[in-house]
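# Architecture and fold: a report
Each chain, written out:
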Amino acid sequence: MVVKPTIEELEQRIHELEQVEAAGKINEAKLRKSEERYRLITDNMSDSIWAMNPDLQFTYLSPSTERLYGYSLVEWETLDWSAFVPPDYLNKVVSLFNDICNRDHPSSETAAIPVFKKDGEEMWIEFTATSVFDENNRLTSIVGVSRDITERKNSEEAIGKRESYLSAIIENQPGLVWLKDTESRFLAVNKSFAESCGVDNPDSLVGKSDWDVWPDELADKYRLDDLEVMNKKVSVMVEEPIQDSGVRKWFETFKTPVIDENGTVIGTTGYARDITERKRVEDALRKSEAKFRELADMLPQIVFEADINGNLTFANQNAYDTFGYTREELQAGLNISQMITLEERDQVKERLQKILNSSSNRRTVEYKALRKDGGTFPVVVYTTVIIRDGKPAGFRGIMVDITDRKKAEMEQKTLQEQLAQSQKMESIGRLAGGIAHDFNNMLSVIIGNVEVAQFKAEESNFLQEELVEIKKAAFRSSDLIRQLLGFARKQAVDLRVLNLNDVISMMLRMLKRLIGEDIDLVWQPGDDLWYVKVDTSQMDQIFTNLLVNARDAIGSYGEVTIETQNVTIDPEYATHNQGFTSGEFVMFAVSDTGCGMEKESIAKIFEPFYTTKPQGVGTGLGLSTVYGIVRQNGGFINVYSEVNKGTTFKIYLPRNRELETVTTGVSSSNQLEAGTETILLVEDEESILRIGKKILDNLGYTVVVATKPSIALQKAQDHDGKIDLLITDVMMPEMNGRDLAEKIIELHPGLQILYMSGYTANVIAHNGVLDNGMHFMQKPFTREQLAEQVHNALNH
C-alpha cells in the first residue's frame, strides 16, 4: 500500500529543496570567488605555475610563464621541449617526469636545470613537480612551479670558486693556518702547519688538540690565548719566541674568534708566520739607529731631517736644548719655518726651494734662528736633499750656532774701528801738538817784537794803534794754540782731587750768562758723587765749549741740562760699545733740545777744524779740545743725538779714591735683584739688545727681544702667556717708545713700562715723550742699574 504524503509533508519537502538549492547557489558563488582569488594570485606571481597531463602535454600555464621565458601562451601550445631545454638535460628531465608518472601514489620531485629563453639567453630554473591522483587512485595530472634561480646559481658558483681559491691560498700559505673548535681541537690545518708539527698529511691532525701537538707548556699558553679570544670576541696579535729544534725563532700570530650567524662563538682560527729574519733586521736597525742617535746627540751642532714640506722628522738632543722645544713637540711635526725669524722666513723658504730645483743638492744657508721663547741667534745650515725613487723627499742638514763667530767678528770690527779712530786721533794730535809748539815759538817772537816796537814808538805815538791790534791778534792766536794743545793732550795741568758737583755749582752763574736768558739751564747733581782728579781750568774749558755748542744748536728758545751720576761699566759692555772703558766713573752730561746731528756728523765732531756751523762762524776746535782734555784725564765721551731731537754729551772721568775711606763688604754685583717674570725688550741697537738680554737672562727673567716696534707688536700678539714688563728705547724708527707702549698695553693690560734713552730724562720730557712718574733709565747702563730699574718697575 502506497502511503501518500500529507500536504504538510509536501510543503516541508519543498521547503527543504528550496533551502538546498539556495545553499548550492551560495557555494557556487563562493567557489567562483575562490577560483578568482587563486587565479589573481597565480597570474601575478613571478614564478611560473603549470599543469601537464600524463602524456606530458601542458594543460595550464600561468601568465608569468610568458614573462619568464619570453614565449607567448599560444606558442607554448605547440612548443617542443627541445626548444628550451639543452640536449644534455633533456633526457634527464623527461626521465624525471616519466618516473613520477609511473608511481602509483602522489609524489614530488625538485630539480634545477639550465633553459633557454626565446631570445637565446641562458637561464637557470628550479622546478618542483607533483603528481595528482583522483578518488580512484588514477593519475590525472602533474602540477608544478618553476622559478628563476640564475642569480643564486651564479652566486653559488662564485662562492664555490672563492672557496676553492681561498682553500688553495690557505693551503699554499708559507705561514701556519688552522681552525679549532671551542675545546681547542683542530678542525682544519694547512700544509705548512702540518709540516711544522712534523706531519705530512694535514688531515691527520684533525680532531687532535694542542696537547697532542705541542709541549704542555706551549699547549697551556695557546689554550689561554684561545679562551681570551673566545670570551672577549676580539682578535689578538702577538709576537712570541718559540724554540724549534733547539733554535729560537720568532713568530707573529693572529688569532680570531669564529662566530656563527646567531652570534655564538664556535671556535677560533689563526695564522702565524715566521718573523725571525724580520726581527733580526729590526734589531740590527734599532741598534744602528741607537748608535746613530747617540753619535748625533754627542755632536755640538744641531742635526736634523725634514720632509718635503719642512716638517721635522728627526732632531738630535742639541736641537731640543738650543731651541727650547721638547722631543714630543718636535716629533709632533714642528715645521722648520717656526724656527726662523719672521723677517727671514720667506727668504729662507725661497732658498730651500731653489735647492730642491737645483742640479746640485748641497747648499749652505745662513739666517737668524728663532727659539721657542722668542730669542734669536745666527746660524749657518749645511743642507742636502734627500732623494727617494729619484725624487726629492726632504732635507737633511747640520745647523751650527755662529753666535760666537759673529761676536768675534763684531769684536774684531769694533777693535779695528777703535784702533783706526785712535790712530787717526793720535796722528791728528801729534800734528796739532807739533804745529802748536812751533807756532807758539813764532808767536813769542811776534809778541816780543810788538812790545819792543810799542816801547820805541811810545813818545811819537806813531803806529801805536796798529801795534795794539797786532798784539791782540797774537794773543787770540795764543788762545787758539792753547786749544790745540788741549786736544793734543800736551797742556801743563794742575790736577786736584775734587767733587764735580762743587765745581759745576761754582760755574753755574757764568754758564747761565754764556747761553743767554732765552735758554733754560737745568742743574741736576747726582747723590753721593764720587771724587775725580782733574784740572779746574780744564773743566772750565770743557763746560764752556759744551755750553756754547748747545747754545748754537738751540738757536733761540730751549733747554740745557747738566747732570752728574756715578756709573760702573762692566768689561762685557765696554767690549760691545766702541770707545767705552770698563771701571768706575763719574759721569757728567750736557743735554740740549737743539737741532741735533745725523750719524755722519757725530763720527767727525771731535776732529780739529770740523764744524757744522756756517763758514766764518766758529773755529771747529771746541769739541776737539774737549775730546783731548777728557782723553788726557783717562776718560771717554759718548754722544747721543738725532736730527731735530737734540744732543747729549756724556763725559766719563775715572773715579779717584784718595779722599775716600776704604771699606770692605759684599760687592753690589752679588746683590742683584732677580726675578722670573717675562720681559719684552725693544732696542734698535743690536749691541745694546744683546747685552740687555744676556743680563736679564742671567737674572732669571724670560726675555722676548725685538729690534723695532713692528716686530715687538707682532711678538706681543703671538705670545701666549703674560708679558709683565716692556723695556723700550724712547726714540726709534716707525714710532717712539711711548706710542709702542700704548699699543702693547692694549694686548697685555697691566703691563709695566721701563723707558731708556741716550738722552737724559729732562731732554726726553722736554720733547713731550715722558711724563712725571714714568720709569726711565739712561744709556749706557750697568748690570746693577738695569737689575735695580727692572725690579723697581715690576714692583711699582
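Residues numbered from 1 in each chain as written. Predicted model: local features only at pLDDT ≥ 70, side-chain atom pairs only at ≥ 80, totals over all residues. Heavy atoms only, no water.

## Looking at the nonpolar core
- Counting residues in hydrophobic clusters, the biggest one holds 38 residues, and the most contacted among them are Leu 500, Met 539, Ile 542, Phe 543, Ile 637, Ile 651 and Leu 653.
- Of all elements in the fold, only α15 (500-515), β18 (532-534), α16 (536-554), β19 (558-569), β20 (583-592), α19 (622-632), β21 (636-642) and β22 (646-654) reach the threshold of two or more residues within this core.
- The contacts of Ile 651, once residues within four sequence positions are left out, are Ile 542, Leu 546, Val 586, Met 587, Phe 588, Val 626, Val 630, Phe 636 and Ile 637.
- Within the second largest apolar cluster, 30 residues are counted, among which are Tyr 652, Leu 696, Tyr 701 and Met 756. (Core = buried A, V, L, I, M, F, W, Y, C linked by side-chain atoms within 4.5 Å. Buried < 20%, exposed > 50% of the residue type's maximum accessible area, 1.4 Å probe, protein only. Helix = DSSP H or I, 4+ residues; strand = E, 2+ residues; numbered from the N terminus. Contact = heavy atoms within 4.5 Å.)

## Focus: the packing of α15 against α16
- Packing of α15 against α16 brings their axes to within 10 Å, and their N-to-C directions diverge by 40°. Overall, the two elements α15 and α16 adopt an arrangement that is oblique. With respect to the hand of their crossing, α15 and α16 are arranged in right-handed fashion. Counted together, Leu 500, Val 503, Ile 504, Met 507, Met 510, Leu 511, Leu 514 and Ile 515 of α15 and Met 539, Asp 540, Phe 543, Thr 544, Leu 547, Val 548 and Arg 551 of α16 form the full contact between these two elements.
- Counted by class, the contact of α15 with α16 contains 12 nonpolar, 1 polar and 2 charged residues. (Axes fitted to C-alpha atoms, helices over the stretch in contact; angles between N-to-C directions. Parallel < 35°, antiparallel > 145°, perpendicular 65-115°, else oblique. Left-handed = near helix turned anticlockwise from the far one by under 90°. Nonpolar A, V, L, I, M, F, W, Y, C, P; charged D, E, K, R; others polar.)

## Quick notes on the sheet that holds β20
- Reading across from one edge, β17-β19-β20-β22-β21 is the order of the 5 strands in this open sheet, with mixed pairing throughout. In this open sheet, the two edge strands, each paired with only one partner strand, are β17 (519-524) and β21. Neighbour-to-neighbour, the strand axes of the sheet open up by a mean angle of 15°, direction not taken into account.
- Across 7 bridges, the pairing between β21 and β22 is antiparallel. Note on β22: the bridge partner recorded for Phe 636 is Tyr 652.
- Its contacts with the sheet put α16 on β17, β19, β20 and β22, and the angle it makes with β20 is roughly 35°. (Pairing = 2+ DSSP bridges.)

## What about α16?
- For α16, with 19 residues, the first-to-last C-alpha span of 27 Å sits near the 27 Å given by 1.5 Å per residue.
- Of the positions making up α16, those classed as buried are Gln 538, Met 539, Gln 541, Ile 542, Phe 543, Asn 545, Leu 546, Leu 547, Ala 550, Ala 553 and Ile 554. (Expected span 1.5 Å × (residues − 1).)

## Let's talk about the pairing of strand β25 (residues 725-729)
- Burial within β25 is extensive, with 5 of its 5 residues counted as buried.
- Pairing between strand β23 (residues 678-682) and β25: 4 bridges, direction parallel. Note on β25: the bridge partner recorded for Leu 680 is Leu 726.
- Across 5 bridges, β25 lies against strand β26 (residues 752-757) in parallel orientation. From the neighbouring strand, Leu 725 faces β26, where its bridge partner is Gln 752.
- Chirality of the crossover, the property in question, places the unit of β25, helix α22 (residues 737-747) and β26 among those that are right-handed. (Right-handed = clockwise from strand over helix to strand, strands pointing away.)

## Description of empty space enclosed by the protein
- Per the counting criterion, the structure on display carries 3 cavities of 30 Å³ or more.
- Every residue lining the largest cavity is counted, 18 residues in all, and those nearest its centre are Phe 58, Tyr 69, Trp 81, Phe 84 and Ser 146.
- Those elements giving two or more residues to the lining of the largest cavity turn out to be β1 (48-52), β2 (58-61), α2 (63-69), α4 (87-101), β3 (108-116) and β4 (122-133).
- Among the elements that line the lining of the largest cavity, the one with the most residues is β1, at 3 residues.
- Within the lining of the largest cavity, the residues separate by chemical class into 15 nonpolar, 3 polar and no charged. (1 Å grid on protein atoms, 1.4 Å probe; cavity = no way out; pocket = protein on both sides within 12 Å on 5 of 7 lines; lining within 4 Å. Points joined across faces, edges and corners; volume = space filled by probe spheres on them.)

## Focus on the sheet that holds β2
- Pairing is antiparallel across the open sheet formed by 5 strands, whose spatial order is β2-β1-β5-β4-β3. The open sheet is flanked by β2 and β3, the only strands paired with a single partner. For this sheet the average axis-to-axis angle between neighbouring strands, irrespective of direction, equals 25°.
- Where β3 meets β4, 9 bridges bridge the pair, whose relative direction is antiparallel.

## A word on the side chain of Asp 181
- Positionally, Asp 181 belongs in the loop between β6 (176-180) and β7 (186-189).
- Reaching out from Asp 181, the side chain makes a polar contact with the backbone nitrogen of Glu 183 at a distance of 2.9 Å.
- For Asp 181, the side chain forms a polar contact with the main-chain nitrogen of Arg 185, separated by 2.8 Å.
- In contact with Asp 181, other than residues within four places in its own chain, are Leu 187, Ile 266 and Gly 267. (Polar contact = N/O pair within 3.5 Å; in protein donor to acceptor, adjacent residues only side chain to side chain.)

## Brief notes about the confidence of the model for the protein chain
- With 74% of its residues at a pLDDT of 70 or more, the protein chain shows a mean pLDDT of 77.
- When mean pLDDT is taken per element in the protein chain, β23 scores highest with 94 and helix α23 (residues 761-766) scores lowest with 55.
- A low-confidence stretch, residues 487-492 stays under pLDDT 50, and its non-local contacts, those more than four residues away or across chains, total 27 contacts.
- Overall, residues 615-620 carries pLDDT values under 50, and its contacts beyond four positions in sequence, including any with other chains, amount to 9 contacts. (pLDDT = per-residue confidence, 0-100.)

## A few points about the environment of Asp 220
- Mapping Asp 220 onto the fold places it in helix α8 (residues 216-232).
- C-alpha separation for the pair Asp 220 and Asp 210, spaced 10 residues apart in sequence, amounts to 8.2 Å.

## So, unusual backbone geometry
- Non-glycine residue Asn 137 carries a positive phi angle of around 65°.
- On the basis of relative accessibility, which here comes to 46%, the residue Asn 137 falls in the partly exposed class.
- Phi is positive for Asp 528, close to 50°, though the residue is something other than glycine.
- Using a relative accessible area of 71% as the deciding quantity, one classes Asp 528 as exposed.

## Brief notes about the side chain of Asn 335
- Structurally, Asn 335 is set in the loop between α11 (327-331) and α12 (342-357).
- Within the structure, the side chain of Asn 335 is placed 3.0 Å from the backbone oxygen of Asn 309, a separation counted as a polar contact.
- Sequence-distant contacts of Asn 335, that is, excluding residues within four places in its chain, are made with Asn 309, Gly 310 and Asn 311.

## Digging into the packing of aromatic side chains
- All chains considered together, the criterion is met by 23 aromatic pairs.
- Ring centres of Phe 58 and Trp 81 lie 5.8 Å apart, and the angle between their planes is 10°; on these two criteria the pair is classed as stacked. In this pair, Phe 58 sits in strand β2 while Trp 81 sits in the loop between α3 (73-78) and α4, placing the two residues 23 residues apart along the sequence.
- Here the aromatic residues Trp 50, Phe 58, Tyr 69, Tyr 71, Trp 76, Trp 81, Phe 84, Phe 97 and Phe 127 are joined through ring pairs into a cluster of three or more.
- For the cation-ring pair, Lys 153 lies above Trp 124, with the distance from its terminal atom to the ring centre recorded as 4.3 Å. (Phe/Tyr/Trp six-rings, centres within 6.5 Å; stacked < 30°, edge-to-face > 60°. Lys NZ or Arg CZ within 6 Å of the ring centre and 35° of its normal.)

## Here we look at the pattern of salt bridges
- Inspection of every chain in the model, using the stated rule, returns 25 salt bridges.
- Between Arg 103 and Glu 109 there is a salt bridge; the shortest N-O distance is 2.8 Å.
- Using a relative accessible area of 25% as the deciding quantity, one classes Glu 109 as partly exposed.
- For Arg 405, the salt bridge is made with Glu 366, and the minimal N-O distance between the two is 3.6 Å. Note that Arg 405 is positioned in helix α13 (residues 403-456) and Glu 366 in strand β13 (residues 362-370), a separation of 39 residues in sequence.
- By sharing partners, the salt bridges in this structure join Lys 180, Asp 210, Lys 221, Asp 225, Asp 226 and Lys 255 into a single network. (Salt bridge = Lys/Arg side-chain N within 4 Å of Asp/Glu carboxyl O.)

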